[in-house]
Amino acid sequence: MPADRLVHRAVVGARDAEEERAVRAAIAIPAVAVQRKGHGHAGTAMAMAPVAHVLFQRILRHNPAHPAWTGRDRFVLSAGHASLVLYTQLFLTGYGLTIDDIAASRTLGARTPGHPELGHTAGVEMSTGPLGQGVASAVGIALAMRRDEALHGAGAGLWDRTVFVLAGDGCLQEGVSGEASSLAGTLGVDNLVLIWDDNGITIDGGTDVAFGEDVRARYRAYGWRVLEVDDHRDLAQIERVLTDARERQGAPTLVAVRSVIGAPAPHRSGTPAAHSGGLGAEETQAVLELLGYPSESRLEDLIDDGILATTRAALARGEELERTWQEDEARWRNAHPGLAAARDRLAASSAVPTVLGARDPDAAEALAVLDGLRFPEEGEPVATRKANGQVIAALQRWGGLWGGSADLSESTNVAIPGDAVSAAAPGGAFLPFGIREHAMAAILSGIALHGLWRPFGSTYLAFSDYQRPAIRLAALMGLPTVYVYTHDSVAVGEDGPTHQPVEQVASLRTVPGLAVIRPADTAEVIGAWRRLLVRPSGPAALVLSRQGLPTLPGGAEASRLTASGGYVRWQHDAGDDLALLATGSEVAVAVAAARMLADDGVAVRVVSLPSLEWFAQSDPAWQEEVLPASVSARVAIEAGRGDGWYRWVGRDGRVVGVETFGESGAGEEILARHGITPEHVADVARGLLAQRAAARPA
C-alpha cells in the first residue's frame, strides 16, 4: 500500500469521533516520544497502533485492573523493539502506566524499558526482543492452556484462552519461529493467533532483498489458517478478522496485516528510515498535523480527558469479563469438585516465577514421590541419564512435570507412558517436539509462563548451542524450566567430535541465573530434583552421562547435601593436605585417585560439586567447611574446558580437563587420551604436592 494513501486519514472504521481521536493519539505517541529522546522504535508502533487498539478494546479478554487474572487471554509482543505499541495501550487502557512513563521509556529505572520485560511492567506477559522468541514461547503458552482445558475443563472452556502474538518480518525470518510454527500446525494448536505486520521493510531495505518467499503459502504448508487484513487503518476490518481468527477451527491462525511502517509520516513511512530513531523535527510536525494536532504538540498534549474516557472503558469491560468468568468458574467447581481439587493442587505446587507474585510452591507431594525411590548398591554402575529417567517417570504420579524431547526420548531416557500430545490429544502426557531444539527451549518458557506445570525438554548436551537465545531469555525472566542434557562429554565416544561436548558446560555456566548441575550418581540426581522442586528460582541444566557410573558411598547423605551445590563426598584422615574437586562422571575418577593418594599417606578430600552455582550461593561458612582456605593444594577434574575452575583451585592449582575437540573412538579410550583417569589425576596431584614441598622454606 503506497504511503500517499495514508496521509489523508490515519484511521477508518472507528465507531465514533472519540474512538478515532483515541487511535490518532496512539499513533502520535510513539512518534513524539521517540523524536523527543532521539532513540527508540516508532515506525512499527505507529503502523500497528490501530491493530493494537482493536485488540485491547474489542477482542482481548483482559482486565487492566487485574493483569494476572487467570482467565485472561495472553498478548505477546514478539517484535519487542516495538514496545511503545504495547506501552501505549497499557497506558491508555489503565494498567497503571502514565504518560510520564511513556516519556521515560528506554531510560534507566523506567517502568518502560527498551524491550518489554516480565515483572517490570504490569501487562507484559514475557520478556521479548530477540526476534522470533515471542512466537515460539507463545506456542508453549497455547499448548499449556489447551492441555489445562483438556485435563480440567470438562468442556467449560475456562482455561483454554486465546494467545495473540504480534510479530514482524524479522520474527518470521528467524528460524525459531519457523520451528515452532511447524510444530504448532502439526499439533493443531488452534488457540493461537499470530498477527504478522507485513510491512515489507527491514533495517537494511525492502524484504525482497533477503525474504522473498510466500509467507502465506509457507504457513498454509505448516497447517495454519491464513486470514488477511489488507488495510491496517481499518478498525472494522481488523475487528472482523480478529474475531474470526479466535474461532477454534482445528488449526492455528496467521493474520497477515498489510501495513506501512511509520505511517502517516509523509516522507519516511514505508522506508527503512522509519524503523528506528526519531523521524526528524519536520517529519514529526507533519505527522502531528496529519493526525489533527498542532505541529508543536508535546507528548502530554496528545491526551485529554475525552480520549482517556474512551480508552479506559477497557477497565469496565475487563471487570465484567472477569466477573462473568468467576461465575462460570464457580459453576465449574460445583459441577466438578474432583477436577477443581486436582487443578488447585497443581497450582499450589506450581513454579511460577516470583515476579508474577506466586507463593513458594507446595512440593510435599512431589517430594514424597522422590522419597520412595531407592539408591543402587554401592559400586553398581548406573548412567545418570537412566537415573534421571527413573525420577521423571516416578514424578508422573505427582503430575506437575510436563515436557518431552527433541526426538530423543528413548536415548535421553525421558520417555514416559501415555499418549503424546497431538491435535486429537491436547492433554497428552508427552510433548513430541521433533528435531527442533531451539523451539523446544522457547516453548518450555511458554509452558512455565502459563504457570501450572514444571516444564522439561531433553536433547544431547552438544546441541544445547542451538538453544542459547531461549535459555538466556528464560534466565532473564527467572523461569523454572529444566533442560535435560545427556551424552555429557567426550565419553560419548564413537559418534565423534561433532557430538562430543567440550565447551558446553563451561559456556552454560556463564549464563546469569542458570543453574548447571552435573550429578555424580543416582543419589545426586535425586538430590538435585529435590532442590529444583522446592526452590524453583530459575532455569536449570541437568547434565547427565551416557555411560554407566559407579554408585559412590554415602548415598542418602550425598542426596541431602546435593542441594548445597558442593560437599565432601570422600575423605582420608583430616583431608587437609589436598582437595580433589570434580563434578558428574569425574567424581568417581577423583575418588579412585584419592584412594591411591591415601595409600601414599596423603590426607585428601574429594569435593563433589554438582552445581557450582548453588555452591557459590551457599553460606560462606559452609563453603569454608567444604573447601577450607587452608587446603590450598587443589586439583579440579572435569571432562570439558577448565577455564572456570581456577576460581576454585586458585592460580597455582591444577585443572585436569579437555581443552581440544574429541575424536571418534571408544569413550574410555578418549577419556584416557585426555588424562581423565585416576592414575593421571593422582600423578598431577603428586606433582602439585611435590612442587609445594619444594617451595617451602628450609
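Reading guide: rules and limits
- Residues numbered from 1 in each chain as written.
- Predicted model: local features only at pLDDT ≥ 70, side-chain atom pairs only at ≥ 80, totals over all residues.
- Heavy atoms only, no water.
- Buried < 20%, exposed > 50% of the residue type's maximum accessible area, 1.4 Å probe, protein only.
- Helix = DSSP H or I, 4+ residues; strand = E, 2+ residues; numbered from the N terminus.
- Pairing = 2+ DSSP bridges.
- Right-handed = clockwise from strand over helix to strand, strands pointing away.
- Contact = heavy atoms within 4.5 Å.
- Axes fitted to C-alpha atoms, helices over the stretch in contact; angles between N-to-C directions.
- Salt bridge = Lys/Arg side-chain N within 4 Å of Asp/Glu carboxyl O.
- Parallel < 35°, antiparallel > 145°, perpendicular 65-115°, else oblique.
- Left-handed = near helix turned anticlockwise from the far one by under 90°.
- Nonpolar A, V, L, I, M, F, W, Y, C, P; charged D, E, K, R; others polar.
- Phe/Tyr/Trp six-rings, centres within 6.5 Å; stacked < 30°, edge-to-face > 60°.

Engineer: Looking at this model, I keep getting lost on the pairing of strand β7 (residues 253–258). Mind explaining?
Structural biologist: Along a regular strand, successive side chains alternate from one face of the sheet to the other. With respect to burial, β7 is a largely interior element, five of its six residues being buried. As paired strands, strand β3 (residues 192–198) and β7 are joined by six bridges and run parallel to one another. Across the sheet, the residue bridging to tryptophan 196 is alanine 256, located in β7. By the bridge criterion, five bridges tie strand β6 (residues 225–229) to β7 in an arrangement that is parallel. Within β7, the residue paired with valine 226 across the bridge is leucine 254. As a crossover connection, the stretch from β6 through helix α10 (residues 235–245) into β7 is right-handed.

Engineer: What should I look at first to understand the side chain of aspartate 101 in this one?
Structural biologist: The topology assignment puts aspartate 101 in helix α5 (residues 99–103). What makes aspartate 101 buried here is its relative accessible area of 13%. What aspartate 101 contacts, discounting residues up to four positions off in sequence, is Gly96, Arg111 and Thr112.

Engineer: Would you take a moment to explain the sheet that holds strand β20 (residues 654–656) for this structure?
Structural biologist: Strand pairing within a sheet occurs via backbone hydrogen bonds; the two strands may be parallel or antiparallel. With mixed pairing, the five strands of this open sheet are ordered in space as β16-β18-β17-β19-β20. Two strands bound the open sheet, and with one partner strand each, they are β16 (567–571) and β20. Averaged over all pairs of adjacent strands, the angle between their axes in this sheet comes to 25°, without regard to strand direction. Sheet analysis places β16 next to strand β18 (residues 604–608), joined by four bridges and oriented antiparallel. Counterpart to valine 568 in the pairing with β18 is valine 607. Seen against the sheet, helix α27 (residues 678–695) touches β17 (578–582), β19 (634–637) and β20 and runs at an angle of roughly 170° to β20.

Engineer: Can you help me understand the pattern of salt bridges in this one?
Structural biologist: Note on pairing: side chains with opposite charge can pair once their charged atoms come close. With the rule as written, the count across this model stands at 41 salt bridges. Ionic pairing is found between arginine 560 and glutamate 557, a salt bridge with its closest N-O pair at 2.6 Å. Of the two residues, arginine 560 and glutamate 557 are both situated in helix α21 (residues 555–561); the distance of three residues between them amounts to about one turn of the helix. By relative accessible area, glutamate 557 is classed as partly exposed at 40%.

Engineer: Mind showing me how you'd approach the packing of helix α17 (residues 437–450) against helix α18 (residues 468–477) here?
Structural biologist: Any two packed helices are characterised by how steeply their axes cross, that is the angle between the axes, and by the distance between the axes. Between α17 and α18, the least distance of the axes is 8 Å, while the angle of their chain directions is 20°. In terms of axis orientation, α17 runs roughly parallel to α18. Crossing of α17 over α18 shows left-handed handedness. Residues His438, Ala441, Ala442, Ser445 and Leu449 of α17 form the contact with α18, whose own contacting residues are Pro469, Ala470, Ala474 and Met477. For the contact of α17 with α18, the residue count by class is seven nonpolar, two polar and no charged.

Engineer: What should I look at first to understand the packing of aromatic side chains in this one?
Structural biologist: Between two aromatic rings, the relevant description is the distance of the centres plus the angle of the planes. Summed over the entire model, instances satisfying the criterion amount to eleven aromatic pairs. Grouping aromatic residues by their ring pairs yields a cluster made of Trp69, Trp159, Trp325 and Trp332.

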